[in-house]
Amino acid sequence: MTIPSTVPQVPTLDDVEAARAIVEGVARVTPMETSQFLGEILGSAVHLKCENLQRTGAYKIRGAYNRLAALDADERRRGVVAASAGNHAQGVALAARELGVPATIFMPVGVALPKLQATRQYGADTVLHGHSVEEALAAAQEFATRTGAVFIPPFDHPDIIAGQGTVGLEIVDQVPDVDTVVVPIGGGGLVSGVALAVKGVARRQGRSIRVVGVQSANTASYPVSIEAGAPTTITTTPTIADGIAVARPGELNFPLVRDLVDEIVTVADDDVARALLVLLERAKLVVEPAGAVGVAAIMAGTIRDSGRTVVVLSGGNIDPLMMERVITRGLVAAQRYVAIRIMLPDRPGQLALVSQVISDAGANVVEVLHTRHGQGLEITEVALELSIEARGPEHAAEVTERLREAGFRPLVRH
């Protein structure tokens, strides 16, 4: 998604501090939780900044409200327009409602129903257009040109960056001795604002704070851009972390990220699915995939221990149907949901024998397919496809070993 920047000025720490006074009337100071589980993995204390519990379910209300609050009377009369598949849409819609500004939001056809309904409930006029955010974005920009409405970009504007930076000010208030802050990266609005805030506060205190950005491996535009020395458009591939699936860094965000973010790492979708599952089970937090990438990076071992660490959980807006799919993927990635294929002699009692072995091993069969049809089958064989619940990799290995000891030839399918 390419967002043209028409405002070249770079925000400062003073701008972020001014934004806090503006957004405190609408944005919550979100909780800071501690995760012993993640701390044991990393080797230092880990805290979770819960922007998934923010109004609208994400940090986006901060930047949107700060931007809309800066509009003059004529601009407010003309209204605002934005394009988004979710969090930015809800942030702009709520900010507009709170400030009494007409808002039109373009969203792709097929957008998740809960996000569409929430945007409408906040009072915005929603228009479904195109099948991607890029198509919705083009329509929103055309609408702005035609009607005079003010276009509100998702990340590439100093007021947006300053508003998102208020997350960083809260982090240093809540964890004064923080050493490292881990932030998801899409276009760069959140990470540039947070880095600006925490680095600026640390500089005043005569110390340093390390900032680590995390991108999905399927949409990692920043490493390529930093290597190239300028914002670069990449070809993205699908990812469950769709909230940070941005093909090109923001023009204003890029230099801030380049100069202030100490390291950028990437995570795979399986890592993200495992992280989301851990957050549900261990922290009792509902987090969207894009918001869980920082936790995924710790669990995958791609972030090194550099002292007390705060991970920003940037949002919690996940469609229940997507959550079901991601949880299942997380269970598979953690080898707690294992698919096994076994070739059996086509005679009575074989299924019962396999079931007994699995039961004796303490696992549970949740799905069975027993078929005589398929490639590679002898005429005297049947294929048994099993999905079982295990307690993790060691238990899954124990189950397959028990099956081998019983004379079967299990093939674990990944």
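Right, let's walk through the structure included here. Here the structure is a predicted model, which means the values were calculated and not measured. (Residues numbered from 1 in each chain as written. Predicted model: local features only at pLDDT ≥ 70, side-chain atom pairs only at ≥ 80, totals over all residues. Heavy atoms only, no water.)

1. Considerations on the overall build of the chain
- The helix and strand inventory of the chain stands at 16 helices and 14 strands.
- The C-alpha radius of gyration computed for the chain amounts to 24 Å, which stays within 12% of the reference 22 Å derived for 414 residues, consistent with globular compactness.
- Its C-alpha atoms give the chain principal-axis dimensions of roughly 80 × 50 × 40 Å.
- For the chain, with 414 residues in total, the buried portion stands at 55%.
- Looking at the chain alone, contacts between residues at least 24 apart form 74% of all its contacts between residues at least 6 apart.
- For the chain, the exposed surface amounts to about 17,500 Å²; the carbon and sulfur share of it is 50%.
- Taking the average place of the 37 positive charges on the side chains of the chain and the average place of its 46 negative ones, the gap between the two points comes to 1 Å. (Helix = DSSP H or I, 4+ residues; strand = E, 2+ residues; numbered from the N terminus. Rg over C-alpha atoms; globule rule 2.2 N^0.38 Å. Buried < 20%, exposed > 50% of the residue type's maximum accessible area, 1.4 Å probe, protein only. Contact = heavy atoms within 4.5 Å. Areas by Shrake-Rupley, 256 points an atom, 1.4 Å probe, with all protein chains shown as cover. Lys, Arg positive; Asp, Glu negative; His and termini not counted. Charge placed at Lys NZ, Arg CZ, Asp CG, Glu CD.)

2. Examining empty space enclosed by the protein
- Here the structure, examined in full by the defined rule, presents two cavities of 30 Å³ or more.
- Here the largest cavity defines a volume of roughly 40 Å³.
- Every residue lining the largest cavity is listed: Ser35, Phe37, Leu38, Leu48, Val278, Leu279, Arg282 and Ala283.
- Counting only elements with at least two residues in the lining of the largest cavity, the list comes to α2 (36-42) and α12 (269-283).
- Here the residues of the lining of the largest cavity are counted per class, giving six nonpolar, one polar and one charged. (1 Å grid on protein atoms, 1.4 Å probe; cavity = no way out; pocket = protein on both sides within 12 Å on 5 of 7 lines; lining within 4 Å. Points joined across faces, edges and corners; volume = space filled by probe spheres on them. Nonpolar A, V, L, I, M, F, W, Y, C, P; charged D, E, K, R; others polar.)

3. Re the pattern of salt bridges
- Inspection of every chain in the model, using the stated rule, returns 23 salt bridges.
- Glu98 is paired through a salt bridge with Arg97; the nearest N and O atoms lie 3.2 Å apart.
- With its nearest N and O atoms 2.3 Å apart, the salt bridge here joins Glu385 to Arg341. Of the two residues, Glu385 sits in strand β13 (residues 381-389) while Arg341 sits in strand β11 (residues 337-345), which places them 44 residues apart along the sequence.
- The network of salt bridges with common partners includes Lys49, Glu51, Arg62 and Glu170. (Salt bridge = Lys/Arg side-chain N within 4 Å of Asp/Glu carboxyl O.)

4. Comments concerning helix α3 (residues 60-69)
- For α3, the tally of buried residues reaches nine of 10 residues, placing the bulk of the element in the interior.
- Looking only at α3, the buried set comprises Lys60, Ile61, Arg62, Gly63, Ala64, Tyr65, Asn66, Arg67 and Leu68.
- For α3, the secondary structure elements touched by its buried residues are α1 (13-23), α4 (73-78), β3 (80-83), α5 (87-99), β6 (150-151) and α8 (158-174).

5. Things to note about the environment of Glu227
- Within the secondary structure, Glu227 is located in helix α10 (residues 221-228).
- Looking at Glu227, the relative accessible area reads 72%, which means it is exposed.
- C-alpha separation for the pair Glu227 and Arg258, spaced 31 residues apart in sequence, amounts to 9.9 Å.

6. A short note on the packing of aromatic side chains
- Enumeration according to the criterion identifies two aromatic pairs in this entry.
- Here Tyr222 and Phe254 contribute two aromatic rings whose centre-to-centre distance is 6.5 Å and whose plane-to-plane angle is 20°, an arrangement assigned as stacked. Taken together, the positions of Tyr222 in helix α10 and Phe254 in helix α11 (residues 253-260) put the pair 32 residues apart, joining distant regions of the chain. (Phe/Tyr/Trp six-rings, centres within 6.5 Å; stacked < 30°, edge-to-face > 60°.)

7. What to know about the environment of Arg258
- Relative to the assigned elements, Arg258 resides in helix α11.
- As for Arg258 and Glu24, which are separated by 234 residues in sequence, their C-alpha atoms are 29 Å apart.
- A distance of 2.9 Å separates a polar atom in the side chain of Arg258 from a polar atom in the side chain of Asp259. (Polar contact = N/O pair within 3.5 Å; in protein donor to acceptor, adjacent residues only side chain to side chain.)

8. What to know about the layout of surface pockets
- Reported here for the largest pocket is a volume of approximately 1,100 Å³.
- For the largest pocket, the lining is made up of 48 residues, of which Ala85, Val133, Asp242, Gly243 and Ala245 are closest to its centre.
- Among the elements that take part in the lining of the largest pocket, helix α9 (residues 189-204) stands out by supplying three residues, more than any other.
- Among the residues making up the lining of the largest pocket, the classes are represented as 24 nonpolar, 18 polar and six charged.

9. Regarding the sheet that holds β3
- With parallel pairing, four strands are arranged side by side in an open sheet as β5-β4-β3-β6. In this open sheet, the two strands that pair with only one neighbour each are β5 (125-128) and β6. (Pairing = 2+ DSSP bridges.)

10. Describing the packing of α3 against α5
- At a minimum axis separation of 8 Å, α3 and α5 run at an interaxial angle of 45°. By the criterion of interaxial angle, the relationship of α3 to α5 is oblique. Of the two possible hands of crossing, α3 and α5 adopt the one that is right-handed. Here α3 contributes Lys60, Ile61, Ala64, Tyr65, Leu68 and Ala69 to the contact with α5, which in turn contributes Asn87, His88, Gly91, Val92, Leu94, Ala95, Ala96, Glu98 and Leu99. (Axes fitted to C-alpha atoms, helices over the stretch in contact; angles between N-to-C directions. Parallel < 35°, antiparallel > 145°, perpendicular 65-115°, else oblique. Left-handed = near helix turned anticlockwise from the far one by under 90°.)

11. Side note on the sheet that holds strand β12 (residues 364-371)
- If you trace the four strands from one edge of the open sheet to the other, you get β12-β13-β11-β14, paired in antiparallel fashion. Each edge of the open sheet carries a strand with a single partner, namely β12 and β14 (411-413). Strand-to-strand twist across the sheet, computed as the mean angle between neighbouring axes with direction ignored, equals 25°.
- Sheet analysis places β12 next to β13, joined by seven bridges and oriented antiparallel. Pairing of Thr371 across the sheet is with Ala383, part of β13.
- Packed on one face of the sheet, helix α16 (residues 393-405) meets β11, β13 and β14 and runs near 5° to β11.

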